[in-house]
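The primary structure of each chain is shown beneath.
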Amino acid sequence: MDNIQMVDLKTQYQKIKEEIDDAIKEVILNSSFINGPSVKKFTSELEKYLDIEHVIPCGNGTDALQVALMALDLNPGDEIITSTFTFIATAEVISLLKLQPIFVDVDSKNFNLIPSEIEKVIGPKTKAIIPVHLYGQCAPMEKIMTIAQKHNLFIIEDTAQALGSNYLFSDGSIKKAGTIGDIGTTSFFPSKNLGCYGDGGAIFTKNSKLAEKIRMICNHGSKQKYSHEIIGINSRLDSIQAAILRIKLRKLNSYSFLRHESASLYSSQLKDINWIETPFEEHYSQHVYHQYTIKVLNGKRDGLKAHLSSLNIPTTVYYPKSLHKQPAFKKSKSGSFPNSNNLESKVLSLPMHTELNKETILHIVNSIKSFK
Ligand SMILES: *Cc1c(COP(=O)(O)O)cnc(C)c1O
């Protein structure tokens, strides 16, 4: 079996080629490259899908986080609590805006922020929490929201890895990931669950005032052309990407289903290997498996990775170095991060995408079982 990939965007494209090609052609024929009709249509379709009042498209998932923070009127030195076990973008924008990232450890089973650890670091300068729905599973939002309300903190949900996931509250109500806190952000980077063919991102909120401010910030601080009320940036989703995303949004639920099917097959096949822990699914979150990430015990992770690589099976370590250890954050407040430190040497993400078939998964599993 050859050409196994972490993410197979080519096969996915081949199945929707006609629709995609027509949509791209239409944008080019109309030369509506920036803020064309496809951008407005995609925006309202995503609002409907997420059941949220305002979606503001932007240039990428990092901009989305930056703009969300800029909209909150914070002061230099204000503290923002976030995970140490995530992609740098989540925390990078905090420092970029001269705010202080305060890192918190993650749960070793679900890889998301631990509510009781958040409470320990809240102080007079704390202004917001950025939970990250890592690998496609929601952070424990109900508890995090209770903490935020108690301490009057903003919540920005980094939904770059979990778009489409449903969160189940204890009263039985359901909300989409990214629509629970004050602001949600996402990325349409090609390999994300809803990916375009370049860069893209979006910001969600139910708060009309915040939405208006976010729209202005993305557009040079302007509501009216050549009138600039605040300092903003230039961050846009282009019309070609929006046209592609309209098509892929219609397929997002079936894509999530396929990812979940693949994950279930992996987990049922790997469950008897005593040196592997398969992903844990929390009852409150639908897992949309942006990544299928196992924990490899007994110090076997790097050996297994090399073994699979020798059989042309790619794997990735998300993330080999927690943010609190990154030189870029050497001035950040220190803390205790035993779980993240431990996960760095255990986690291994296996190929996961919408085009995986049973044969490929069984081949990967057998290759794992052949590692001694
Ligand atoms: C991908 C990702 C981002 C950044 O998105 P870009 O579109 O690449 O800027 C932010 N946070 C998380 C958790 C991500 O996975």
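No experiment lies behind these values; they were computed from the predicted model shown. (Residues numbered from 1 in each chain as written. Predicted model: local features only at pLDDT ≥ 70, side-chain atom pairs only at ≥ 80, totals over all residues. Heavy atoms only, no water.)

**Some words on the packing of helix H1 (residues 9–30) against helix H8 (residues 239–250)**
Part 1 of the reasoning: Running from N to C, H1 and H8 cross one another at 140°; their axes reach a closest spacing of 9 Å. Regarding the angle of H1 to H8, the classification is oblique. For the pair H1 and H8, the sense of crossing is right-handed. Facing Gln-12, Ile-16, Glu-19, Ile-20, Ala-23, Ile-24, Val-27 and Ile-28 of H1, the residues of H8 in contact are Ser-239, Ile-240, Ala-243, Ile-244, Ile-247, Lys-248 and Arg-250. (Axes fitted to C-alpha atoms, helices over the stretch in contact; angles between N-to-C directions. Helix = DSSP H or I, 4+ residues; strand = E, 2+ residues; numbered from the N terminus. Parallel < 35°, antiparallel > 145°, perpendicular 65-115°, else oblique. Left-handed = near helix turned anticlockwise from the far one by under 90°. Contact = heavy atoms within 4.5 Å.)

**Overview of the domain arrangement of the chain**
Part 1 of the reasoning: Partitioning the chain into structural domains gives domain 1 (9–104 + 112–249) and domain 2 (252–369).
Part 2 of the reasoning: Measuring from the centre of the C-alpha atoms in domain 1 to the corresponding centre in domain 2 gives 24 Å.
Part 3 of the reasoning: Each partner contributes residues to the interface: domain 1 has 41 residues there, and domain 2 has 33 residues.
Part 4 of the reasoning: Interface area for domain 1 against domain 2, summed over the two sides, is near 3,300 Å², with a carbon-plus-sulfur share of 57%.
Part 5 of the reasoning: On inspection of domain 1 and its partner domain 2, the count reaches two salt bridges.
Part 6 of the reasoning: The closest approach of N and O atoms between Glu-79 and Lys-333, which form a salt bridge, is 2.7 Å.
Part 7 of the reasoning: Viewed at the interface, domain 2 and domain 1 are joined by 21 residue pairs in polar contact (both at pLDDT 80 or more).
Part 8 of the reasoning: Within the residue set of the side of domain 1 that touches domain 2, elements represented by two or more residues are H1, strand S2 (79–83), helix H4 (89–96), strand S3 (100–104), strand S6 (166–168) and H8.
Part 9 of the reasoning: Residue classes in the side of domain 1 that touches domain 2 are distributed as 22 nonpolar, 14 polar and five charged. (Domains from an automatic or database assignment. Buried area = accessible area lost by both parts, 1.4 Å probe. Salt bridge = Lys/Arg side-chain N within 4 Å of Asp/Glu carboxyl O. Polar contact = N/O pair within 3.5 Å; in protein donor to acceptor, adjacent residues only side chain to side chain. Nonpolar A, V, L, I, M, F, W, Y, C, P; charged D, E, K, R; others polar.)

**Observations concerning the sheet that holds strand S8 (residues 183–187)**
Part 1 of the reasoning: Spatially, S1-S9-S8-S5-S4-S2-S3 is the arrangement adopted by the seven strands of the open sheet, whose pairing is mixed. Where the open sheet ends on each side, the last strands, each with one partner, are strand S1 (54–58) and S3. The mean angle between the axes of side-by-side strands here comes to 25°, regardless of whether they run parallel or antiparallel.
Part 2 of the reasoning: Taken together, the five bridges between S1 and strand S9 (residues 201–205) define a ladder with antiparallel strand orientation. When the sheet's bridge partners are listed, Val-55 is paired in S9 with Phe-204.
Part 3 of the reasoning: The strands touched by helix H3 (residues 61–70) are S1, S2, strand S4 (126–130), strand S5 (154–158), S8 and S9; relative to S8, the strand with the most contacts, the crossing angle is about 160°.
Part 4 of the reasoning: Strands S1, S8 and S9 of the sheet are contacted by helix H7 (residues 208–218), whose axis makes an angle of about 15° with S1. (Pairing = 2+ DSSP bridges.)

**Some details on the side chain of Lys-176**
Part 1 of the reasoning: One can find Lys-176 in strand S7 (residues 174–176).
Part 2 of the reasoning: Buried within the structure, Lys-176 lacks any salt-bridge partner; its nearest side chain of opposite charge belongs to Asp-51, at an N-O separation of 9.2 Å. (Buried < 20%, exposed > 50% of the residue type's maximum accessible area, 1.4 Å probe, protein only. Lys, Arg positive; Asp, Glu negative; His and termini not counted.)

**Re unusual backbone geometry**
Among all residues save glycine, negative phi is the norm, and among peptide bonds the norm is trans.
Part 1 of the reasoning: At the junction of Tyr-318 and Tyr-319, the peptide bond is cis and its omega measures out at 10° in the coordinates.
Part 2 of the reasoning: Considering the arrangement of structural elements, one finds Tyr-319 in the loop between helix H10 (301–310) and helix H11 (338–343).
Part 3 of the reasoning: At Ser-31, a position not held by glycine, the phi torsion is positive, near 50°.
Part 4 of the reasoning: In this structure, Ser-31 sits in the loop between H1 and helix H2 (37–50).
Part 5 of the reasoning: Of note, Asp-51 is a non-glycine position whose phi angle comes to about 55°, a positive value.

**Describing the nonpolar core**
Part 1 of the reasoning: Tyr-266, Leu-270, Tyr-292, Leu-350 and Ile-368 are the most contacted members of the largest nonpolar core, which totals 34 residues.
Part 2 of the reasoning: For this core, the secondary-structure elements that each account for two or more residues are helix H9 (252–270), strand S13 (292–296), H10, strand S14 (347–350) and helix H12 (358–369).
Part 3 of the reasoning: Taken domain by domain, the makeup of this core includes at least three residues from each of domain 1 (9–104 + 112–249) and domain 2 (252–369). (Core = buried A, V, L, I, M, F, W, Y, C linked by side-chain atoms within 4.5 Å.)

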